[in-house]
Amino acid sequence: MGENEMSVFGVSEAEEEIYRHFLRNPGTSTDDIHLLLHTDPEVARRCVDRLQELGLLHPTGSDRRITPTDPELALARLVDLRLHALHQELQRVTRSRHVVDGLRAEQGAHTPPPQGIEQLEGLAQIRNRIDDLAFFARDEILSVEPYTKLSPENIARSRPLDLRCLRRGVRIRNVVAREALQDRATADYLRELVAHGASIRVAAHPTERLLVYDRRAALVPIDPQHTARGALLTHRSGLVSNLIALFEKIWDQAEDLAKVIARAEGAANAGLSDIEHRVLVSMCTVGKDEAGARELGVSVRTYRRHVADLVQTLGAASRAQAALLARERGWI
């Protein structure tokens, strides 16, 4: 008996041999099929019955004659059946949180699942808990992450988790800082997530940092400026609801990533440098030159020189008119 090539579709070696027999001898009966397998007639009959259930064989009359399904149609049906079975298996795996709860119960009543607020210490513990929460997420992950760039290591760590969630149909809504788009690798990664179904918006100066999983668990840093100091994980519905409300407020005030990138590309096509575009955005959102210069990390004198150049480039009589013209042209 040769290699069981159809085993990947759940077809046994004996069943495959019978199907191949009828491909070579269509219209023959099943009377002596057990002789082909060198096995009990009852075993052979069960194999034929299963092949009929799978749609690979069809009886053609009352004389026990069998016609095989065309291989292309047969394989297409087997692929559909196999994918359906794998999808159901994947759903069972991703909804297996009750297994963890059951195993934890074996530890005894002294270690119940966390129901209140849990303090996590150190980046390793925080990352492990994030991995766990993301693995068991079923519906939605909300996040506000005010990073200015992601390192290659961060991207390599986050990509498989994020893409796995998106493939499973988990909704991801993420708010990031506008400054993060200045880093090419970070911007490319965010675009990749959007291409796979994530919803990402951009805020000018987000200061909050939070993660919410399935509207049941929320993670926030103890010190937003120094995340390595630890984090708090809460399962309390009241606190989680308040954090969700905060997220929705930030989300509503943020802009869609695609629009922000399109404007930046429009400014680049207009011949503006990166620093000129950043100054243009700053002069439209920041009140004082000192604040704008500090935000961009340049001197006030350099900032004002860029502003004057932009006003001239736009052919405006004032900063206010320059901002209006820039918006009309899609530069900001």
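For the structure itself, consult the block above.
The present account deals with the structure reproduced in this document. No experiment lies behind these values; they were computed from the predicted model shown. Every chain is numbered on its own, with residues counted from 1 as its sequence reads. Given that the model is predicted, a residue must reach a pLDDT of at least 70 before its local features are reported, and side-chain atom pairs must reach 80 or more before they are shown or counted; all residues, however, enter totals for whole chains, interfaces and linings. Note: side-chain values were computed over all heavy atoms of the structure, leaving out hydrogens and water.

**Some points on the pairing of strand 4 (residues 140–145)**
Phase 1: Buried means the residue's accessible area, taken with a 1.4 Å probe over protein chains only, is under 20% of the maximum for its type, while exposed means over 50%, and partly exposed covers the values in between. The numbering of helices and of strands both runs from the N terminus, where a helix is a DSSP run of H or I of at least 4 residues and a strand a run of E of at least 2. Most of strand 4 sits inside the fold, with five of its six residues counted as buried.
Phase 2: If DSSP finds at least two bridges between two strands, the strands pair. Bridging between strand 4 and strand 5 (residues 171–177) involves six bridges; their strand directions are parallel. If you follow Val 144 over to strand 5, its bridge partner there is Val 175.
Phase 3: With helix 7 (residues 152–167) bridging strand 4 and the parallel strand 5, this β-α-β connection has right-handed handedness.
Phase 4: When strand 4 meets strand 7 (residues 210–213), the two strands line up antiparallel, connected through four bridges. Considered in strand 7, the bridge of Ser 143 is made with Leu 211. Crossovers are marked right-handed if the path from the first strand over the helix to the second runs clockwise, as seen with the strands pointing away from the viewer.

**Quick look at the packing of helix 11 (residues 274–285) against helix 12 (residues 289–296)**
Phase 1: Running from amino to carboxyl end, helix 11 crosses helix 12 at an angle of 140°, the nearest separation of the two axes being 10 Å. For the element pair helix 11 / helix 12, the angle class is oblique. Between helix 11 and helix 12 the crossing geometry is right-handed. The segment helix 11 lies against helix 12, with Ile 275, Arg 278, Val 279 and Ser 282 engaging Gly 292, Glu 295 and Leu 296.
Phase 2: Grouping the constituent residues of the contact of helix 11 with helix 12 by class yields three nonpolar, two polar and two charged. Angles run from 0 to 180 degrees between N-to-C directions of axes, and those axes are lines fitted to C-alpha atoms, restricted for helices to the stretch in contact. Just so you know how the angles are binned, under 35 degrees is roughly parallel, over 145 roughly antiparallel, 65 to 115 roughly perpendicular, and the rest oblique. Here a crossing is called left-handed whenever its near helix is offset anticlockwise from the far helix by less than a right angle, and right-handed whenever the offset is clockwise. In what follows, a contact means two residues having at least one pair of non-hydrogen atoms within 4.5 Å. Residue classes follow a fixed rule: Ala, Val, Leu, Ile, Met, Phe, Trp, Tyr, Cys and Pro count as nonpolar, while Asp, Glu, Lys and Arg count as charged, and any other residue, Gly among them, counts as polar.

**Some points on the side chain of Glu 15**
Phase 1: Examined against the element boundaries, Glu 15 turns out to sit in helix 1 (residues 13–24).
Phase 2: In this structure the side chain of Glu 15 is engaged in a polar contact, spanning 3.0 Å, whose partner is the backbone nitrogen of Ser 12.
Phase 3: Any pair of N or O atoms that falls within 3.5 Å is considered a polar contact. Within protein, one atom must be able to donate a hydrogen and the other to accept it, and sequence-neighbouring residues count only if both atoms are side-chain atoms. Within the local environment of Glu 15, its side chain forms a polar contact with the side chain of Arg 50, the two groups lying 2.8 Å apart.
Phase 4: In this structure Glu 15 touches Gly 10, Cys 47, Arg 50 and Leu 51, once residues within four positions along its chain are discounted.

**Details of the packing of helix 11 against helix 13 (residues 300–314)**
Phase 1: Between helix 11 and helix 13, whose axes approach to 10 Å, the crossing angle comes to 90°. Regarding the angle of helix 11 to helix 13, the classification is roughly perpendicular. Where helix 11 abuts helix 13, its residues Ile 275, Glu 276, Val 279, Leu 280, Ser 282 and Met 283 lie against Tyr 303, His 306, Val 307, Leu 310 and Leu 314.
Phase 2: In terms of residue class, the contact of helix 11 with helix 13 is made up of eight nonpolar, two polar and one charged.

**Examining the environment of Ala 177**
Phase 1: Turning to its location among the elements, Ala 177 is positioned in strand 5.
Phase 2: A residue is classified by how much of its surface remains accessible, and Ala 177, at 5% relative accessible area, is buried.
Phase 3: Separated by 29 residues in the primary sequence, Ala 177 and Thr 148 place their C-alpha atoms 6.5 Å from one another.
Phase 4: Dropping the residues within four chain positions of it, Ala 177 is found in contact with Glu 145, Pro 146, Tyr 147, Val 202, Ala 203 and Pro 206.

**Brief notes about the pattern of salt bridges**
Phase 1: Only one rule defines a salt bridge in this text: a Lys or Arg side-chain nitrogen within 4 Å of an Asp or Glu carboxyl oxygen. What the rule picks out here adds up to 21 salt bridges.
Phase 2: Across the pair Glu 5 and Arg 20 runs a salt bridge whose closest N-O atoms are separated by 3.1 Å. Within this pair, whereas Glu 5 is found in the segment before helix 1, its partner Arg 20 is found in helix 1, the two being separated by 15 residues in sequence.
Phase 3: Connected via shared salt-bridge partners are Glu 140, Arg 171, Arg 173, Arg 215 and Glu 248.

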